[in-house]
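Observations on the three-dimensional arrangement
These are the residues of each chain, in order.
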Amino acid sequence: MSNSHFALDIGTRTVVGLIVEGEPLEVKAACICEHEERSMHDGQIHDVDKVAEVVRKVKTELEKEIGYKLTRACVAVAGRALRTSKAKVSIDLPYREISDNDVSEIEFEALARASAEIDSGERFNCVGYSVIGYELDGQRISNIKGHSGSSISIEVLATFLPEAVVNSMFAVLARCDMEVSSITLEPIAALSVAIPLDMRKLNIALVDIGAGTSDIAVTNDGTVIGYGMVAEAGDEITDFICDHYLVDFKKGEEIKQRISACDIIEMQDFFGNVTSIKTTEIISVVGSEIDKLALHIADEILAINGKPPRAVVLVGGGSQTVMLKERLSVHLGVPVQRIGARLPAMIETFRDNTSKVTGADMITPLGIALTAIRKTGIEFTDLTVNNTPVHLMALNGLSVMDALVATHIKRLYPRPGLALTLKVNSQFITIEGDAGKHATVLLDGKKANLGDPVRKGSRIEFEPPSDGRGASITVRELISKMEMDLFTDVTVNDEATRQMISVLVNGKIVPPEENVPDRAEVIIEPATLEEVLHRTGNDVTDKIQVTVNRRPKLLDRTQLLIRLNGTAVKSADLSNIIIKSGDKVQICKNEAIWTVADIFDMPASRKSTSVILNGEKVTFNGHDNSVIVNGRKAELSERVFDGDDITIKEGPDENPILSDLFEFMDINREELVGKNIKLFVNGTPARFTTPLREGNKVSIEFQEV
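Conventions and cut-offs
- Residues numbered from 1 in each chain as written.
- Predicted model: local features only at pLDDT ≥ 70, side-chain atom pairs only at ≥ 80, totals over all residues.
- Heavy atoms only, no water.
- Helix = DSSP H or I, 4+ residues; strand = E, 2+ residues; numbered from the N terminus.
- Rg over C-alpha atoms; globule rule 2.2 N^0.38 Å.
- Areas by Shrake-Rupley, 256 points an atom, 1.4 Å probe, with all protein chains shown as cover.
- Axes fitted to C-alpha atoms, helices over the stretch in contact; angles between N-to-C directions.
- Parallel < 35°, antiparallel > 145°, perpendicular 65-115°, else oblique.
- Contact = heavy atoms within 4.5 Å.
- Nonpolar A, V, L, I, M, F, W, Y, C, P; charged D, E, K, R; others polar.
- Pairing = 2+ DSSP bridges.
- 1 Å grid on protein atoms, 1.4 Å probe; cavity = no way out; pocket = protein on both sides within 12 Å on 5 of 7 lines; lining within 4 Å.
- Points joined across faces, edges and corners; volume = space filled by probe spheres on them.
- Phe/Tyr/Trp six-rings, centres within 6.5 Å; stacked < 30°, edge-to-face > 60°.
- Buried < 20%, exposed > 50% of the residue type's maximum accessible area, 1.4 Å probe, protein only.
- Core = buried A, V, L, I, M, F, W, Y, C linked by side-chain atoms within 4.5 Å.
- pLDDT = per-residue confidence, 0-100.
- Salt bridge = Lys/Arg side-chain N within 4 Å of Asp/Glu carboxyl O.
- Expected span 1.5 Å × (residues − 1).

**Some words on the overall build of the chain**
- In terms of regular secondary structure, the chain is built from 13 helices and 46 strands.
- For 705 residues, the compact-globule estimate of 2.2 N^0.38 gives 27 Å, and the chain exceeds it by more than 25% at 52 Å.
- Oriented by its inertia axes, the alpha-carbon framework of the chain measures out at about 170 × 80 × 40 Å.
- By element, 47% of the accessible surface of the chain is carried by carbon and sulfur atoms, the whole surface being about 36,900 Å².

**Thoughts on the packing of helix α4 (residues 186–194) against helix α9 (residues 363–374)**
- The contact between α4 and α9 brings their axes to 7 Å, and the two run at 90°. Relative to α9, the element α4 lies roughly perpendicular. The residues of α9 that touch α4, namely those facing E186, A189, A190, S192, V193 and A194, are I363, T364, L366, G367, I368, L370, T371 and R374.
- Grouping the amino acids of the contact of α4 with α9 by side-chain chemistry returns eight nonpolar, four polar and two charged.

**Quick look at the sheet that holds strand β30 (residues 508–509)**
- Taken together, the five strands give an open sheet; going across it, the order is β23-β22-β31-β29-β30, and neighbouring strands pair in mixed fashion. Each having just a single partner strand, β23 (427–431) and β30 make up the two edges of the open sheet.
- Two strands pair when backbone bridges link them, and strand β22 (residues 420–424) and strand β31 (residues 521–525) are joined in this way by two bridges, in the parallel orientation. Paired with V424 across the bridge in β31 is V522.

**A short note on the sheet that holds strand β18 (residues 339–341)**
- Here five strands make up an open sheet; going across it, the order is β14-β13-β12-β17-β18 and the pairing mixed. Only two strands of the sheet have a single neighbouring strand rather than two, namely β14 (223–230) and β18. Going from strand to strand, the sheet's axes swing by 20° on average, the running direction of each strand aside.
- Sheet strands in contact with α4 are β12 (204–209), β13 (214–220), β14 and β17 (311–315), and its direction is about 120° off that of β12.
- Of the strands in this sheet, β12, β17 and β18 touch helix α8 (residues 324–332), which is tilted by about 150° from β18.

**A short note on unusual backbone geometry**
- Across the junction of E23 and P24, the peptide omega takes the value 10°, indicating a cis bond.
- Checked against the element boundaries, P24 lands in the loop between β2 (14–21) and β3 (26–34).
- Even without being glycine, D137 reaches a positive phi, approximately 50°.
- For D137, the location among the structural elements is in the loop between β8 (124–136) and β9 (139–141).

**What about the layout of surface pockets?**
- By volume, the second largest pocket is sized at about 750 Å³.
- What lines the second largest pocket is a set of 36 residues, among which G210, A211, G317, G318 and D361 lie closest to the centre.
- Mapped by element, the contributors of at least two residues to the lining of the second largest pocket are β1 (4–10), β2, β3, β12, α5 (234–245) and α6 (249–258).
- Of the residues assigned to the lining of the second largest pocket, the class counts are nine nonpolar, 17 polar and 10 charged.

**Some points on the packing of aromatic side chains**
- Counted by the stated rule, this structure contains two aromatic pairs.
- Between F270 and F271, the aromatic rings sit 5.2 Å apart at their centres with planes inclined by 80°, giving edge-to-face as the arrangement. For the pair formed by F270 and F271, the shared burial category is exposed.
- Ring centres of F662 and F688 lie 5.7 Å apart, and the angle between their planes is 40°; on these two criteria the pair is classed as tilted. Of this pair, F662 sits in the loop between β43 (645–649) and β44 (675–681) while F688 is found in the loop between β45 (684–685) and β46 (697–704), placing the two residues 26 residues apart along the sequence.

**Regarding the nonpolar core**
- If you look at the biggest cluster of nonpolar residues, it comprises 38 residues, and the most contacted ones within it are L8, I10, V55 and L161.
- Broken down by secondary-structure element, the contributors of at least two residues to this core are β1, β2, β3, α1 (48–66), β6 (72–77), α3 (163–175) and β11 (179–185).
- Of the residues forming this core, the biggest block, seven residues, is contributed by α1.
- In terms of nonpolar packing, the next biggest core, distinct from the first, is built from 36 residues, V230, A233, V285 and L324 among them.

**Some remarks on the packing of α5 against α6**
- At a closest axis distance of 8 Å, the pairing of α5 and α6 adopts a crossing angle of 110°. By the angle between their axes, α5 is roughly perpendicular relative to α6. Of α6, the residues touching α5 (which contributes G234, D235, I237, T238, D239, I241 and C242) are F249, G252, E253, I255 and K256.
- A class-by-class count of the residues in the contact of α5 with α6 yields five nonpolar, three polar and four charged.

**Quick word on the confidence of the model for the chain**
- The pLDDT averaged across the chain works out to 85; a share of 95% of its residues lies at or above 70.
- Confidence scores differ between elements of the chain, with strand β4 (residues 40–41) showing the lowest mean pLDDT of 75 and strand β26 (residues 459–463) the highest of 95.

**Side note on the pairing of strand β24 (residues 440–443)**
- In β24, alternate side chains face the same way, and those of V441 and L443 are buried while those of T440 and L442 on the opposite face are not.
- As paired elements, β24 and β26 share four bridges and run antiparallel to each other. Bridge pairing in β26 places L442 opposite E461.
- Summarising the sheet, β24 and strand β25 (residues 446–447) pair through two bridges and their orientation is antiparallel. Its bridge partner lying in β25, L443 is registered against K446.
- Connecting the antiparallel pair β24 and β25 is a turn made up of two residues, with D444 showing a positive phi of about 55°.

**Observations concerning the pattern of salt bridges**
- This structure, assessed with the given rule, holds 25 salt bridges.
- Between R13 and D235 there is a salt bridge, with its nearest N and O atoms 4.0 Å apart. Remark: D235 occurs in helix α5 and R13 occurs in the loop between β1 and β2; sequence separation between them is 222 residues.
- With a closest N to O distance of 3.9 Å, E461 and R459 form a salt bridge.

**A look at the side chain of D102**
- Counting through the fold element by element, D102 comes out in helix α2 (residues 100–117).
- Contact partners of D102, with chain neighbours within four places excluded, come to R96, E97 and Y413.

**Regarding α9**
- Its 12 residues place the ends of α9 16 Å apart at the C-alpha level, agreeing with the 16 Å of an ideal helix rising 1.5 Å per residue.
- Taken as a whole, α9 has its buried residues at I363, T364, P365, L366, G367, I368, A369, L370, T371 and A372.
- Two residues or fewer after α9 comes K375, characterised by a positive phi angle close to 55°.

Pasting the structure below:
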């Protein structure tokens, strides 16, 4: 019938088939069959033919009951097939406002990296992802759009589904003369029934505990933020009971199911021994195994959510395992009142006409049916990327991003070129590298964004990004960047001339078109008036040579009279004056006239020394200096010519001696007959040759013999 849906849940131990109509859900027929052999492992199809036999049996039973052929079935892929990968990408960019396009492109790169993390040779399709967090310039932030910065980091958690898993499901149905009408993921199917839409705003963990696996989905803010799987479930508890009490698997399963309903359980072991055991004793035996299962489930929930959820919803046959809720409560730190099972009877407006759809293991098949009714299953689309066929599947619509990730395109964002760091006139500056060119994406010939939807037959053309070139700068460009002029236009003696600025790179003069290397030290010096004179040939290069005290000395043959913009300039200031465009320089050259005084700084002609002689101050004057030019005595004002030999003779500059003081004394030689002379300097006996220094106190006494 057109309004009926055949929901098929192919599990590890059983295959459940339901005929369901409309919304609210109404179950018209139900059939449950167990696998005779272990053709399923941990929710995955391993033997297609064996699984197809059981599916065909369920189909045949339902066809007898409803009276018509079943040609289409809605199915679900086990959560074990899902691969979850986390990746973080950081991008440096010029400081500016962060746009939607920036965020989309970096999210894409993070998603592509997450895909590469699980790349094992299989073909995977991304069926959903969520952003774990954003960072702007190293700071955690909830939404980076509209903020300004120079560094972005984005971390994503993505979920991927291998194509091979879906293909094996298609193969089973094909052997049963059926095709897929809808396909979803088991955690999504269970979620659609167990947790109403308005409750998904809460942070809730759904755990579907089957026979071979425990599938996990976590919701928050109205969406699924992550999936997980634990490769342990109800069969681990059953196997433990079988091993401990030496019973077969079927009896072990019965014991597990009766623990919570009976006080005493009677069992027969492998040797035929019948024993009655209290359930409290059985619980203590299997308690460690239940605790281990609860711990692994709790660890996976915390890994997905990053913190304890607000509540935990349990579905699946294994959810009824005794003490499981209590152990989950301990390991998660969630009150046991917030951990519970969802049964079909709890679904509003649900009607079961078969009385078979009662257990927690029926939540997933009901969800499969509901997904088909609402048409929210995995979408399949065939399109091309750069003329290469691409087969896509997705849960919530397909976009350009999905197609690019599926074709293993790694990034859209260009890598900027390396920067240069220079030291210019003692100031550090940075020359940024080229930003590069973003990838170009066309959808059916028109420019597209990553979020644009795609459909069957869409044509995507992708041109990869071009990374930026490393920074480079010539001397000319650097001078312009420093807001300086490479050339200065001046007028020298009414003749226009162009002077170039002086540039040293690592101590060497370089031409304007040469590139400046990284970490170079650059010195830029504007032209001075002295340099202009030199470059225009107006400096004094013609010299005369004289010898001064046997040492050669060069003197300018020409004297320059310089005016800058009408103002006279001293020769000593030439190297300190910076020339500017438009300056006018006038230069007048005259023959230079040099005198002895011009070329030699004569010391003081005399050296005076004052002492106290017998209580009175006396001053001794030294000897005069003298100048000899070409062997003859000359005056300081005498002109000097090329080749002159000049000698400067200084007057004796040694200190006077005590005997020199007698010229200051009025002595009658006749009165000295028969007397001794006593000499003292600063109270100390002295001699005639004792040197005198400024301020000495000298005493000369004549005593009778």
